[in-house]
Amino acid sequence: MTDTFGDRETDYQRVQNGAEFQALKRRFRRFVFPMTAFFLSWYFLYVLLANYAHDFMATKVWGNITVGLLLGLGQFVSTFIITMVYARWANTKQDAVAERLRLHIEDGTALDGGAS
């Protein structure tokens, strides 16, 4: 359902329906969905190993350091790595386009650089 006054399309709706915004959404989804699937798979693997592979997780690697401890710390490390990769990706691929679209809506400038 769209919120329009009569048949007029709002600036936001015009941008949202535009090719540039659609490409922005596609690019976001192509990055975020696989990354989320990867992290959730890694997380559930850790949980399953912790529940069903006690001997493996209790295997000592060095001193009192076990495989389970290393994999648990790996969860934190992978979270930070994913966050840094996403931030760098967003800064280089998404933010400039999103800023341009935001300015178009706020300032009323046309996407081709002229006045709308």
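Definitions and limits used
Residues numbered from 1 in each chain as written. Predicted model: local features only at pLDDT ≥ 70, side-chain atom pairs only at ≥ 80, totals over all residues. Heavy atoms only, no water. Helix = DSSP H or I, 4+ residues; strand = E, 2+ residues; numbered from the N terminus. Expected span 1.5 Å × (residues − 1). Buried < 20%, exposed > 50% of the residue type's maximum accessible area, 1.4 Å probe, protein only. Contact = heavy atoms within 4.5 Å. Axes fitted to C-alpha atoms, helices over the stretch in contact; angles between N-to-C directions. Parallel < 35°, antiparallel > 145°, perpendicular 65-115°, else oblique. Nonpolar A, V, L, I, M, F, W, Y, C, P; charged D, E, K, R; others polar. Salt bridge = Lys/Arg side-chain N within 4 Å of Asp/Glu carboxyl O. Core = buried A, V, L, I, M, F, W, Y, C linked by side-chain atoms within 4.5 Å. Bend = angle between axes of the 7 residues up to and from the residue. Phe/Tyr/Trp six-rings, centres within 6.5 Å; stacked < 30°, edge-to-face > 60°.

A. Layout of helix 2 (residues 19-52). Helix length check: helix 2 (34 residues) gives 49 Å between terminal C-alpha atoms against 50 Å at 1.5 Å per residue, within 8%. Every buried residue of helix 2 is listed here: Phe21, Leu24, Phe31, Val32 and Trp42. Contact partners of the buried residues in helix 2: helix 1 (11-17) and helix 4 (67-107).

B. A look at the packing of helix 2 against helix 4. Between helix 2 and helix 4, the shortest axis-to-axis distance is 11 Å and the interhelical angle comes to 175 degrees. With respect to helix 4, the axis of helix 2 lies roughly antiparallel. Within the contact of helix 2 with helix 4, the residues separate by chemical class into 20 nonpolar, 7 polar and 4 charged.

C. Molecular detail of the pattern of salt bridges. Going through the model one piece at a time under the given rule, you end up with 3 salt bridges. Put simply, Glu20 and Arg100 hold a salt bridge, and the shortest N to O gap is 3.1 Å. With Glu20 in helix 2 and Arg100 in helix 4, this residue pair connects regions lying 80 residues apart in the sequence. Under the relative-accessibility criterion, Glu20 is labelled partly exposed at 25%. Taken together, the shared-partner salt bridges connect Glu99, Arg102 and Glu106 into one network.

D. Just the nonpolar core, in detail. By size, the foremost hydrophobic cluster in this structure holds 5 residues: Val15, Phe21, Leu24, Val97 and Leu101. For this core, the elements supplying multiple residues, two or more each, are helix 2 and helix 4. Setting aside anything within four residues of it in sequence, one finds Phe21 in contact with Val15, Gln16 and Leu101.

E. Spatial organisation of helix 4. With 41 residues, helix 4 extends 56 Å from end C-alpha to end C-alpha; this agrees with the ideal 60 Å at 1.5 Å per step. The largest bend along helix 4 measures about 50 degrees and falls at Gln94.

F. How the structure looks around the packing of aromatic side chains. In total, this model carries 4 aromatic pairs according to the counting rule given. Geometrically, the ring pair formed by Phe31 and Tyr86 is tilted, given 5.9 Å between the ring centres and 45 degrees between the ring planes. Of this pair, Phe31 sits in helix 2 while Tyr86 sits in helix 4, and the two are 55 residues apart along the sequence. For Phe31, a relative accessible area of 16% corresponds to the buried category. Note on Phe31 and Trp89: the rings are 4.3 Å apart at their centroids and 10 degrees apart in plane angle, and the pair reads as stacked. Here Trp89 lies in helix 4 and Phe31 lies in helix 2, a separation of 58 residues in the sequence. Grouped by ring-pair contacts, the aromatic residues Phe31, Tyr86 and Trp89 constitute a single cluster.

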